[in-house]
Amino acid sequence: MPTELIRHFDPVAVGSGDGTTQADAYTTLADLISAEQKDLVAADEDLIILMHSGEDLGSGTLTIGSSWITGPAHRIIFRSAAGLHTITSSNGTRTVRSYTNFVHSE
């Protein structure tokens, strides 16, 4: 079972922006995805992104670049910090197709 690497996203955070706590959360998903990119298979990790936002983040494209290496057991998981919704991307094209109160993407 992979280790969970937990990072926080909160658009109103005012801390260091390294994602290690809610106060220090990344304020954009694009910054989080870019800064944390790695080979999750080699690291034996799942990246858990805790979403600390109850607002609709709108539509658009979130690109998870080719520097990310994922697999069926090593995923990028978007999760509501309140535990209400989970979005998982583990397919070869790394496309998230889910609709919740927290993320709308295609």
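Look up: the structure comes first, before these words.
Residues numbered from 1 in each chain as written. Predicted model: local features only at pLDDT ≥ 70, side-chain atom pairs only at ≥ 80, totals over all residues. Heavy atoms only, no water.

Peer 1: Help me out: how do you make sense of the overall build of the protein in this one?
Peer 2: Counting its secondary structure elements, the protein contains two helices and six strands. Put simply, the protein runs from its N terminus to its C terminus through helices and strands in the order β-α-α-β-β-β-β-β. Across the 106 residues of the protein, 39% fall into the buried class. (Helix = DSSP H or I, 4+ residues; strand = E, 2+ residues; numbered from the N terminus. Buried < 20%, exposed > 50% of the residue type's maximum accessible area, 1.4 Å probe, protein only.)

Peer 1: In this structure, what is going on with the pattern of salt bridges? I would like to understand it.
Peer 2: One side chain can pair with another of opposite charge once the charged atoms of both are near each other. Following the criterion strictly, the structure yields three salt bridges and no others. The partner of R7 in a salt bridge is E36, and the shortest N-O contact between them spans 3.0 Å. Here E36 lies in helix α1 (residues 29-36) and R7 lies in strand β1 (residues 3-9), a separation of 29 residues in the sequence. Accessibility expressed as a relative area gives 16% for R7, which makes it buried. One salt bridge in this structure joins E45 and K38, with 2.7 Å as the shortest N-O distance. (Salt bridge = Lys/Arg side-chain N within 4 Å of Asp/Glu carboxyl O.)

Peer 1: Got a minute to help me understand the side chain of E45 in this structure?
Peer 2: Mapped onto the secondary structure, E45 falls in strand β2 (residues 45-51). Here K38 takes part through its side chain, which lies 2.7 Å from a polar atom of the side chain of E45. Non-local contacts of E45, meaning those with residues more than four positions away in its chain, are made with P2, T3, L5, K38, L40, H74 and R75. (Polar contact = N/O pair within 3.5 Å; in protein donor to acceptor, adjacent residues only side chain to side chain. Contact = heavy atoms within 4.5 Å.)

Peer 1: Mind showing me how you'd approach the environment of L32 here?
Peer 2: For L32, the location among the structural elements is in helix α1. For L32, a relative accessible area of 0% corresponds to the buried category. C-alpha separation for the pair L32 and I49, spaced 17 residues apart in sequence, amounts to 8.7 Å. L32 has contacts with R7, H8, F9, Y26, L47 and I49, leaving out every residue within four places of it along the chain.

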